[in-house]
Structure formats: C-alpha cells, structure tokens
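# Fold and contact review
For reference, the chains in residue letters:
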Amino acid sequence: MGDTVIVLNSATAIDELLEDRSAIYSDRPPFPMLNDLVGFTWHFAFMPYGSEWKERRKVFMQQFQPSQVHLHRPAELKAARVLLQRLLESPDKYERHLRHMAGMVILSTAYGIDVQPEDDPHIAISEKALHAMSSTGNRFFLVDSFPILKHLPEFLPGAGFKKKAREWARAVTAMPKVPYEFVKRSRAAGTANSSIASRALDDIEESGDSRAEREKILEDALGACYAGGADTTVSALSFFVLAMTMFPDIQKKAQAAVDAVIGPSRLPDFDDSVPYVDAIMLELLRWRPVGPLGVPHAVTIDDIYKGYHIPAGAVVVGNSWAVLHDEKIYGPNTDRFIPERWLTESGEINKAMREPNAAFGFGRRICPGRDMAQWSLWISAASILATFNITKGLDENGVPVEPSGEFTSGLLCYPVPHKCDILPRSEAARALIQTALAV
Ligand code: HEM
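Owing to the predicted nature of the structure, the values given are computational and were not obtained by experimental measurement. For every chain, the first residue of its written sequence is number 1, and the numbers climb from 1 along that sequence. In keeping with the predicted nature of the model, local features appear solely for residues at pLDDT of at least 70, side-chain atom pairs appear and are counted solely at 80 or more, and the whole-chain, interface and lining totals rest on all residues.

## A short note on the overall build of the protein chain
Put simply, the test is: Helix and strand definitions here come from DSSP, where helices need a minimum of 4 consecutive H or I residues and strands a minimum of 2 consecutive E residues; each element is numbered from the N-terminal end. Each radius of gyration reported is based on C-alpha atoms, and the globular scaling rule is 2.2 Å times the count of residues to the power 0.38. Put plainly, a residue is buried at 20 or more neighbouring C-beta atoms within 10 Å of its own, exposed at 12 or fewer, and partly exposed in between, counting only other residues' C-beta atoms, which are placed from the backbone. Contact between residues is assigned whenever the C-beta positions, reconstructed from backbone atoms, fall within 7 Å.
Tallying secondary structure elements over the protein chain gives 16 helices and 7 strands in all. What you see for the protein chain is a C-alpha radius of gyration of 22 Å, in line with the 22 Å of a compact globule of 439 residues. By principal-axis analysis of the C-alpha atoms, the protein chain measures approximately 60 × 60 × 45 Å. Counting only residues that meet the buried cut, the protein chain has 43% of its 439 residues in that class. In the protein chain, 75% of the contacts between residues at least 6 apart in sequence involve partners at least 24 apart.

## Re the nonpolar core
Note the following rule: Nonpolar cores are identified as sets of buried Ala, Val, Leu, Ile, Met, Phe, Trp, Tyr and Cys residues joined via C-beta atoms within 7 Å.
The biggest cluster of nonpolar side chains holds 116 residues, and the ones touching the most others in it are Ala197, Val277 and Ala381. Per element, the largest residue contribution to this core is 18 residues, and it comes from helix α10 (residues 211-246). The residues contacting alanine 381, other than those within four sequence positions of it, are Phe240, Val277, Ile280 and Met281.

## Details of the sheet that holds strand β2 (residues 297-298)
Working definition: the strands of a sheet are paired by backbone hydrogen bonds and lie parallel or antiparallel to each other. To be explicit about the condition: We treat two strands as partners when DSSP finds at least two bridges between them.
Strand order in this open sheet of 3 strands is β1-β5-β2, and the pairing throughout is mixed. Two strands close off the open sheet at either side, each with one partner strand: β1 (5-8) and β2. Examined bridge by bridge, β1 and strand β5 (residues 315-318) share 4 bridges and lie parallel to one another. Across the sheet, residue valine 7 finds its bridge partner in β5, namely valine 317.

## Quick notes on unusual backbone geometry
Within the chain, lysine 306 stands out as a residue other than glycine whose phi angle is a positive 50°. The topology assignment puts lysine 306 in the loop between β3 (303-305) and β4 (308-310). Residue lysine 306 is classed as exposed on the basis of its C-beta count, with 6 C-beta atoms lying within 10 Å. Here asparagine 333, not a glycine, exhibits a phi torsion of approximately 55°, which is positive. Among the secondary structure elements, asparagine 333 is positioned in the loop between α14 (327-330) and α15 (370-387). Exposure remark for asparagine 333: the 11 C-beta atoms within 10 Å place this residue in the exposed category.

## A look at the packing of helix α4 (residues 73-89) against α15
When two helices pack together, their arrangement is given by the angle between their axes and by how far apart the axes lie. Going by this rule: Inter-axis angles, ranging from 0 to 180 degrees, are taken between N-to-C directions of lines fitted to C-alpha atoms, where helices are fitted over the stretch in contact. Here is the rule for handedness: rotate from the far helix to the near one, and if that takes an anticlockwise turn smaller than a right angle the crossing is left-handed, while a clockwise turn gives right-handed.
In contact at an axis separation of 9 Å, α4 and α15 are set at 35° when each is read in the N-to-C sense. With respect to the hand of their crossing, α4 and α15 are arranged in right-handed fashion. Together, Glu76, Leu77, Ala80, Arg81, Leu83 and Leu84 of α4 and Trp375, Ser376, Ile379, Ser380, Ser383 and Thr387 of α15 make up the contact between the two elements.

## Concerning helix α9 (residues 196-207)
Because each turn of an α-helix spans 3.6 residues, side chains separated by three or four positions in sequence point in the same direction. Rules: The span one expects for a helix is its residue count, reduced by one, times 1.5 Å. Note that the arc is computed from the directions linking the helix axis to the C-beta atoms.
Given a rise of 1.5 Å per residue, 12 residues ought to cover 16 Å, and the 17 Å separating the end C-alpha atoms of α9 matches this to within 8%. Among the residues making up α9, those that are buried are Ile196, Ala197, Ala200 and Leu201. Along the axis of α9, the buried residues cluster in a sector spanning 120°; they form a single face. Turned more than 90 degrees off the buried face of α9, the exposed positions are Asp202, Asp203, Glu205 and Glu206. Taken from the residues just after α9, glycine 208 is the one with a positive phi, measuring 70°.

## A closer look at the confidence of the model for the protein chain
Quick note on the threshold: Confidence scores here are pLDDT values: one per residue, from the predictor, ranging 0 to 100.
Here the protein chain averages 91 in pLDDT, while 93% of its residues score no lower than 70. Both confidence scores are given for the complex: pTM 0.93, ipTM 0.99.

## Re the UniProt feature "binding site: heme" (unreviewed entry) in the protein chain
To be explicit about the condition: UniProt positions are given in the numbering used here, feature names are shortened, and annotations may be inferred rather than shown by experiment.
In the numbering used here, UniProt assigns the feature "binding site: heme" (unreviewed entry) to Cys367. Tracing the backbone shows cysteine 367 in the loop between α14 and α15.

## Observations concerning the site of the ligand
Note the following rule: Nearness here has a simple definition: the residue's C-beta atom, placed using the backbone, must lie within 6 Å of the molecule or strand. Residues were grouped as follows: Ala, Val, Leu, Ile, Met, Phe, Trp, Tyr, Cys and Pro as nonpolar; Asp, Glu, Lys and Arg as charged; and all remaining residues, including Gly, as polar.
As a structural note, the neighbourhood of the ligand is formed by 26 residues, with Gly228, Gly229, Gly361, Cys367 and Gly369 the closest of them. Among the elements of the structure, α10 and α15 are those that each provide at least two residues to the shell around the ligand. At 7 residues, α10 tops the list of elements feeding residues into the shell around the ligand. Taken together, the residues of the shell around the ligand break down into 15 nonpolar, 9 polar and 2 charged.

## Notes on the packing of helix α11 (residues 248-262) against α15
We apply this condition: Should an angle fall under 35 degrees it is called roughly parallel, over 145 degrees roughly antiparallel, and 65 to 115 degrees roughly perpendicular, with every other angle called oblique.
In the contact formed by α11 and α15, the axes pass within 9 Å of each other and the chain directions differ by 95°. One finds that α11 runs roughly perpendicular with respect to α15. Each of Ala254, Gln255, Val258 and Ile262 in α11 lies in contact with α15, whose residues at this interface are Ala382, Leu385 and Ala386. Residues belonging to the contact of α11 with α15 are distributed by class as follows: 6 nonpolar, 1 polar and no charged.

## Observations regarding the environment of leucine 394
Here leucine 394 lies in the loop between β6 (388-392) and β7 (420-424). For the pair leucine 394 and valine 105, spaced 289 residues apart in sequence, the C-alpha to C-alpha distance is 33 Å. When near neighbours in sequence (up to four residues on either side) are disregarded, leucine 394 contacts Val399, Pro400 and Val401.

## Focus on the environment of serine 195
In this fold, serine 195 is placed in the loop between α8 (160-189) and α9. With 24 C-beta atoms packed within 10 Å, serine 195 lands in the buried category. Sequence separation of serine 195 and alanine 110 is 85 residues, and the distance between their C-alpha atoms is 5.4 Å. Residues in contact with serine 195, not counting those within four places in the same chain, are Thr109, Ala110, Tyr111, Gly112 and Val183.

## Thoughts on the environment of aspartate 395
You can see aspartate 395 is positioned in the loop between β6 and β7. Here the alpha-carbon distance between aspartate 395 and glycine 291, two residues 104 residues apart in the chain, equals 32 Å.

This is the structure in structure tokens:
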C-alpha cells in the first residue's frame, strides 16, 4: 500500500473528494496478497482505475441498468421462496439458508444455473474463493506492506503465506471460469436457461467483434457478481434476522404492515408497496453497514484539499460507518434501530432523507450491484415477515437469551452468532410456504 492513508470521516469530505473528484479518487491500492498471490486479478473490484476496470464495469453495468432489472426478478422471487421452505424445514440452520439463497440468486441470474438444495458444486467453488477473499481481506499479511516479499521462495521460514495463497489460488481462478464454461456447454447442447451470460453471448456472436477479448471481459465481469454479491447479501440479511430478534415490537409492526397490503392468502411480490418494510431495509443498511469502512480507494494524481496536500498513490478510505451514524444527517440516536426515522407522518418514505448509499461505497466505484442487492433483501425480508415469527432462543432454563448485538470486525462484518427461533406464524402461513413454488 502507499505510505499515506487518509480516512475521511465526514459526509462533506467524502462528497467533495470521493464523489465530486471521483475522476482522480477511484483507483485502488495494489493489494499484493489478494491480487498477485491469491489471483483475484480478474475481479474488477480490486483492479486499478484504468481501461481494464472500465471495460469490465461497463459490461457489468449494462446488465444491471434499470431497463434490465425486471429480468432478474423471477430468480430473486424464486430464491426468496426457496428460502422460506428451507427455513421451515430446518430453522436452526438459517445462516446456511441465507447463504444458499444469495448464491442461488446470483448463479441463476448470471449463468442460468439451477442450484442444488445441498452440496451444489458451483456454490462450493465460489464459496472456497470467497473464503480466500475474506481470509485475505480481513487479515494482515506483511506482504501487503512490503510487496517485495512476494518474491520470497515458498520454502523459506516466514514465507508460509505463499503456500496458503497457492492453495487459495486454485479456487479463485476457477470462480469465474467454471460457471462461464457451464453456460457455453449448455448453449452448445441447447439446454441453456435464460441468463445474463447467455444474452451477452448472443450479442457477442451477432456483433462479430474480436470474440476472445470480449468473452474474457464478460467472464471476469460475471465472476464479480458472486465475489461482490454473496457475502454482502448474507451479512445484510443476517443483520435483518438479528434486528427482528432484538426488536420484537418493530417486527410486529412490520408484520402488520405486510399483512395489510398482502392479506392472508398469498406471499409478497415485487409489485407490493409496504413503506414500513422499505424503512426497515434503509435502516438496516444504515444501522449495520456490512463494510463499515468500505473498500479503500486511492488517488491517481497529487491533489490539494482545504490546504492539505494529498499525494498521488495515497490510500483514501471513506468511513461509511461515520456518515451513516452522523446525527446531523439521520437524526438522534443513530446507534439505535429506528425504522420510523425514514418515514413521514403519513407513513410514506421521507424523500428528503439522505439515502444510506454510503453503505454501497462512493463515486465511480459505488457498488454496481446495489439495485439487485436491495430488491433481493426486500423480497426476502417481506416474505419472512409475512410467514415467520423470529424470537429470542431460550436457554436451558427456558429463559429468552438476549443477543449481544455485537458484530465481527474486518472488511466485511457479520453479527456474532445468536440464538433465535424462526417458526411459522400460523398453519395458513405454513401451507402458503409449502405450496409457494407450485404457483
Ligand atoms: C447488501 C449488499 C451489498 C453491499 C452492502 C455492497 C457494498 C459494496 C461496497 C461498499 C463496495 C465498494 C465500493 C467502493 O469502492 O466505494 C462494493 C463494490 C462492488 N460490489 Fe457490492 N454490495 C452489495 C451487493 C452486491 C451485489 C449483489 C453485487 C453483484 C450482483 C455486487 C457487486 C459489486 C462489485 C462488482 C463491486 C466492485 C465495484 C468497483 O470496484 O468498480 N455487490 N459493494
């Protein structure tokens, strides 16, 4: 990393630098362990600001622009309903089910893959690579401060990180390749489902441009869906489960709001408008941003801000947590979970509030999957509220166990595991879940 690290703690500084001057604040630090050794060089989240990053981000954005998002809805809806069924069968494994749901949305949307209920091979490959990413991103490796160390032979004492990196690199290289090759094989066999990959390959074939290069860009860009979207979605939904466990009154209010719109005989759909659930989603992203310090940016040329010299290469961190907990922006008690802060007196979303975009990063690097993320979170949360009660688990004496509310530290945070019971709200709710996928 560069020698200078600047942490921006105020919304004003973030707006003025990472947003207004994003043309020069959108680079990344080098990440020697993650990129050079573990092999995430294909993932545009970690690429330097430049043509390779631009090409991949452009291809990605084309598929996630507003005119395309309706194509992703069936997969998001199906994954939410499968989630309900899995919660019904084994509620104690809810973390595993959230992970399955996030993987299902991404693999189905991006590649048209129908994931298996258990031990899906595509999920397994991607999860291995994600494990490498979180293990690398959440830990300090000396090689990140002294990139020269990457040239140490593996057998030397202190070079154990190279062995670890080599083991991880296999899964990391396979992550974008294996599902992409699956799509190509399915197309050749005439069995391919509709997917982003398949539609983009149609375009490439029709255009007749230099195919190998465009395909490589597409393969990399799609690999970024799982790499950027799985852990983050799981973390946000885990915080939803935590919030519903900790704040039963808010859960009751949300269930009443869902019931009033949906009624007793069906499950939520994307056309349903439930502002209280919108408010819960906004508050969730604000209260517990999954990456409190985002992903570091770097500045490409020397800059001056308020009289301070910011040298080229400086690492610039936008402190999302500080912005999202700023009481001047979001009102009092920002450490508390209060969905009402997002609502007007008449119960509509208050459009004057600053959206919790800081949870998705900044400027030209802002999360390009945020729309998909928010819709997936919304439909999952609304479906759970419609059908389940989430309550505190009981200890051996039958006393409810209060969750600590704590969360892990690192690039990406999760709630510390807590005891909770997830049970259907009624026999009618159970029946709705059981028949949901037959509809
Ligand atoms: C709750 C869910 C999510 C959260 C909180 C989240 C948050 C973030 C954050 C903080 C960044 C870094 C932005 C920056 O550097 O300023 C990012 C980047 C990224 N996210 Fe997300 N994300 C989520 C879901 C997704 C999903 C579902 C996808 C894919 C479908 C995705 C794909 C990406 C990619 C590809 C990047 C790299 C962008 C770049 O460097 O140009 N994310 N996300």
